[in-house]
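Per-entry structural report
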Amino acid sequence: MKLYSIKARASLNGKHISGAERIVPEERVFETIRWIEKKVEKKNFDSLNIKVELIKEKPILIEKSLPIVDIKFKNHEDANLKAVKILHRITGIPTERIKELIALIHTGASPEKKNMRGAMIVNLTGKRVEKDRFRGVRTTDVDFLDREKVIKKLLEKGFTERTADALALTTKNMHHPDIIAEYCISDEPDYLTGYISTKEKYYRFTPLKEFGNKNGGRIYFIKNSTDIDELYRFLEEKPVLIKDVE
Ligand code: PML
Ligand code: MG
Ligand code: MG
């Protein structure tokens, strides 16, 4: 089966407006381009890039995404305290340092105090080790084998399309032997649900951020012995397809 990667990005004055990244079999390439058109046609953009590329590397097939544990909190402070607890249990990093790292995501983690374009990477001594603090690392080349089926299942449970994309992305991350946890909040000011992933679970917390905050991003927690170049290559280039949700 020939697989294609389709990456779309719409922007206005250089600012990201809307995007999509899919992996689809040859016969679905054009319907996927039409799906992207539908997503962006009403948006105000001055540049739209759609890149279609044959995937030459054999994809990793993952049977099931991480299982979702969905928890509602009174406020984002309580949710973040619980997040810190989970991350401390998994990583052993002192809770004060985890709080600092999370606060950076909530206030802009790049050197200009803006959102990084990709994720921050932190090792188990609590040190940031991404190669570039503006860019971070971006997990790409991951999709569900049958995205429509998965979206239907997730929507029935009260989750969203964003949940599907985030679940695919973090399932790829947790498949890497050296990534042991992740923290994420959206950069949408009104999307308050975020998550903490471990090798076992996707903890979906609402609200994990404060309403109106434009900041967001991700932290990947990795082992100290990780080969960073290999990690970037896996996250940015290795194609991964996930068969189903838990
Ligand atoms: C969820 O709904 O499960 C959380 C999704 C986080 C989305 C982050 C983003 O905006 O990309
Ligand atoms: Mg976004
Ligand atoms: Mg690629």
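- Under an unreviewed UniProt entry, the chain has the name 6-carboxyhexanoate--CoA ligase and belongs to Persephonella hydrogeniphila.
- The chain has a UniProt comment under Function (unreviewed entry) that states "Catalyzes the transformation of pimelate into pimeloyl-CoA with concomitant hydrolysis of ATP to AMP."
- Entered under Cofactor (unreviewed entry) in the UniProt record, the comment concerning the chain runs "Mg(2+)".

**Side note on the overall build of the chain**
- The helix and strand tally for the chain stands at six helices and twelve strands.
- Whereas a compact globule of 246 residues would reach a radius of gyration of roughly 18 Å, the chain reaches 18 Å, a difference of no more than 12%.
- When burial is assessed residue by residue, the chain has 49% of its 246 residues classed as buried.
- Within the chain, contacts between residues at least 6 apart in sequence are counted, and of these 68% link residues at least 24 apart.
- Roughly 12,600 Å² of accessible area belongs to the chain as shown, and the carbon and sulfur atoms make up 51% of that amount.
- Between the averaged position of the 48 positive side-chain charges in the chain and that of its 39 negative side-chain charges there is a distance of 2 Å.

**With respect to the sheet that holds strand S3 (residues 47–54)**
- Spatial strand order, S2-S1-S3: three strands in an open sheet with antiparallel pairing. With one partner strand each, in any of the chains shown, strand S2 (15–25) and S3 form the two edges of the open sheet. Here the average twist between neighbouring strands, direction ignored, is 10 degrees.
- Alignment of strand S1 (residues 3–12) against S2, held across ten bridges, turns out to be antiparallel.

**So, the environment of Met-174**
- In this fold, Met-174 is placed in helix H5 (residues 161–175).
- Here Met-174 falls in the buried class, since its relative accessible area comes to 6%.
- Separated by 129 residues in sequence, Met-174 and Phe-45 place their C-alpha atoms 34 Å apart.

**Here's the deal with H5**
- Taking 1.5 Å per residue as the helical rise, H5 with its 15 residues ought to reach 21 Å, and the 21 Å between its terminal C-alpha atoms agrees with that figure.
- Among the 15 residues that make up H5, eleven are buried, leaving the element largely enclosed by the rest of the structure.
- Buried residues of H5: Thr-163, Ala-164, Ala-166, Leu-167, Ala-168, Leu-169, Thr-170, Thr-171, Lys-172, Asn-173 and Met-174, and no others.
- At the N-terminal boundary of H5, the capping side chain belongs to Thr-160, with an oxygen 3.2 Å from the backbone nitrogen of Arg-162.

**Topic: the site of ligand 1**
- Inspection of the region around ligand 1 gives Thr-160, Arg-162, Thr-163, Ala-166, Cys-184, Ser-186, Tyr-191, Thr-193, Tyr-202 and Arg-204 as its neighbouring residues.
- Here an oxygen atom of ligand 1 sits 2.8 Å away from a polar atom, N or O, in the side chain of Thr-163.
- Here Tyr-202 contributes a side-chain N or O atom positioned 2.7 Å from an oxygen atom of ligand 1.
- Protein coverage of the free-state accessible area of ligand 1, which is 340 Å², stands at 90%.

**Overview of helix H6 (residues 228–237)**
- Taken together, the buried positions of H6 are occupied by Leu-231, Tyr-232, Phe-234, Leu-235 and Glu-236.
- Its side-chain oxygen at 3.2 Å from the backbone nitrogen of Asp-229, Asp-227 defines the N-terminal cap of H6.

About the criteria used
Residues numbered from 1 in each chain as written. Chains lettered and ligands numbered in written order. Predicted model: local features only at pLDDT ≥ 70, side-chain atom pairs only at ≥ 80, totals over all residues. Heavy atoms only, no water. UniProt positions renumbered as here; feature names shortened; annotations may be inferred. Helix = DSSP H or I, 4+ residues; strand = E, 2+ residues; numbered from the N terminus. Rg over C-alpha atoms; globule rule 2.2 N^0.38 Å. Buried < 20%, exposed > 50% of the residue type's maximum accessible area, 1.4 Å probe, protein only. Contact = heavy atoms within 4.5 Å. Areas by Shrake-Rupley, 256 points an atom, 1.4 Å probe, with all protein chains shown as cover. Lys, Arg positive; Asp, Glu negative; His and termini not counted. Charge placed at Lys NZ, Arg CZ, Asp CG, Glu CD. Pairing = 2+ DSSP bridges. Axes fitted to C-alpha atoms, helices over the stretch in contact; angles between N-to-C directions. Expected span 1.5 Å × (residues − 1). Polar contact = N/O pair within 3.5 Å; in protein donor to acceptor, adjacent residues only side chain to side chain. Near = heavy atom within 4 Å.

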